[in-house]
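# Coordinate analysis (summary)
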Amino acid sequence: MRYGTRTGLLGIAVAGALAVAGCAAGQAERPQAPRTATGTLEQLARRAGCTPDVQTDAADLRQANCGSGSSRYVLATFATDRGRAEWLDAADDYGGTYLVGRRWVAAGPERVVTALRDRLGGVVERSSAHHGHH
């Protein structure tokens, strides 16, 4: 399945989730995180303490909303590393904070993503796109 037609929609979904959640003020990353989690969308969600509201359920991408209010975030899993990279490239245009693992991404407010790192491991990545260019 091609990502080109969906990457725009995925970026809009991430931007919408971030708009609902709001952008949090920066926090320092915690120095240690657990080993990066692996598994299905449901397994990752359970480890994160989320009951996933699945929005996209395809062979190459599964995406769900988790949390509520200012703690809302998007959790996505991918069939391939390339799929994850393409999703992140599209989402990067909208700015935000992402927790990145092998074939999965959590996107949301910085304080939420940083807290998720304690449960899921991974690497926190920040994009400054919606804050303007540096």
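Here is a short report on the structure shown in this document. Here the structure is a predicted model, which means the values were calculated and not measured.

## Examining a negative patch on the surface
There is a patch of like negative charges on the surface, built from Asp 89, Asp 92, Asp 93 and Glu 125. On the secondary structure map, Asp 89 appears in helix 3 (residues 81-92). Overall, Asp 89 belongs to the exposed group, its relative accessible area being 55%.

## Quick notes on the packing of aromatic side chains
All chains considered together, the criterion is met by 2 aromatic pairs. Geometrically, the ring pair formed by Trp 87 and Tyr 98 is edge-to-face, given 6.4 Å between the ring centres and 85 degrees between the ring planes. In this pair, Trp 87 sits in helix 3 while Tyr 98 sits in strand 4 (residues 96-101), placing the two residues 11 residues apart along the sequence. Of the two residues, Trp 87 and Tyr 98, neither departs from the other in class, the shared state being buried. Put simply, the rings of Phe 78, Trp 87 and Tyr 98 pair up and form one aromatic cluster.

## Observations regarding the sheet that holds strand 4
Overall, antiparallel pairing links the 6 strands, which are arranged 1-2-3-5-4-6 in an open sheet. Across the chains shown, the open sheet's two edge strands, defined by having one partner strand only, are strand 1 (53-57) and strand 6 (123-127). Within the sheet, the average angular offset between the axes of one strand and its neighbour, ignoring direction, is 20 degrees. As paired elements, strand 1 and strand 2 (residues 61-66) share 4 bridges and run antiparallel to each other. In the strand pairing of strand 2, Thr 56 is matched with Gln 63. Along the sheet, helix 3 makes contact with strand 2, strand 3 (73-78), strand 4, strand 5 (104-108) and strand 6, crossing strand 4 at roughly 175 degrees.

## Topic: the side chain of Arg 62
Its place among the elements puts Arg 62 in strand 2. Polar side-chain contacts of Arg 62 include one of 2.8 Å to the side chain of Glu 42. Residue contacts for Arg 62: discarding those within four places in its chain leaves Leu 41, Glu 42, Val 54, Thr 56, Asp 57, Leu 75, Ala 76 and Thr 77.

Scoring rules and cut-offs
- Residues numbered from 1 in each chain as written.
- Predicted model: local features only at pLDDT ≥ 70, side-chain atom pairs only at ≥ 80, totals over all residues.
- Heavy atoms only, no water.
- Patch = residues over 30% accessible without salt bridge, like charges linked within 9 Å, V, L, I, M, F, W, Y side chains within 5 Å.
- Areas by Shrake-Rupley, 256 points an atom, 1.4 Å probe, with all protein chains shown as cover.
- Salt bridge = Lys/Arg side-chain N within 4 Å of Asp/Glu carboxyl O.
- Lys, Arg positive; Asp, Glu negative; His and termini not counted.
- Charge placed at Lys NZ, Arg CZ, Asp CG, Glu CD.
- Helix = DSSP H or I, 4+ residues; strand = E, 2+ residues; numbered from the N terminus.
- Buried < 20%, exposed > 50% of the residue type's maximum accessible area, 1.4 Å probe, protein only.
- Phe/Tyr/Trp six-rings, centres within 6.5 Å; stacked < 30°, edge-to-face > 60°.
- Pairing = 2+ DSSP bridges.
- Axes fitted to C-alpha atoms, helices over the stretch in contact; angles between N-to-C directions.
- Contact = heavy atoms within 4.5 Å.
- Polar contact = N/O pair within 3.5 Å; in protein donor to acceptor, adjacent residues only side chain to side chain.

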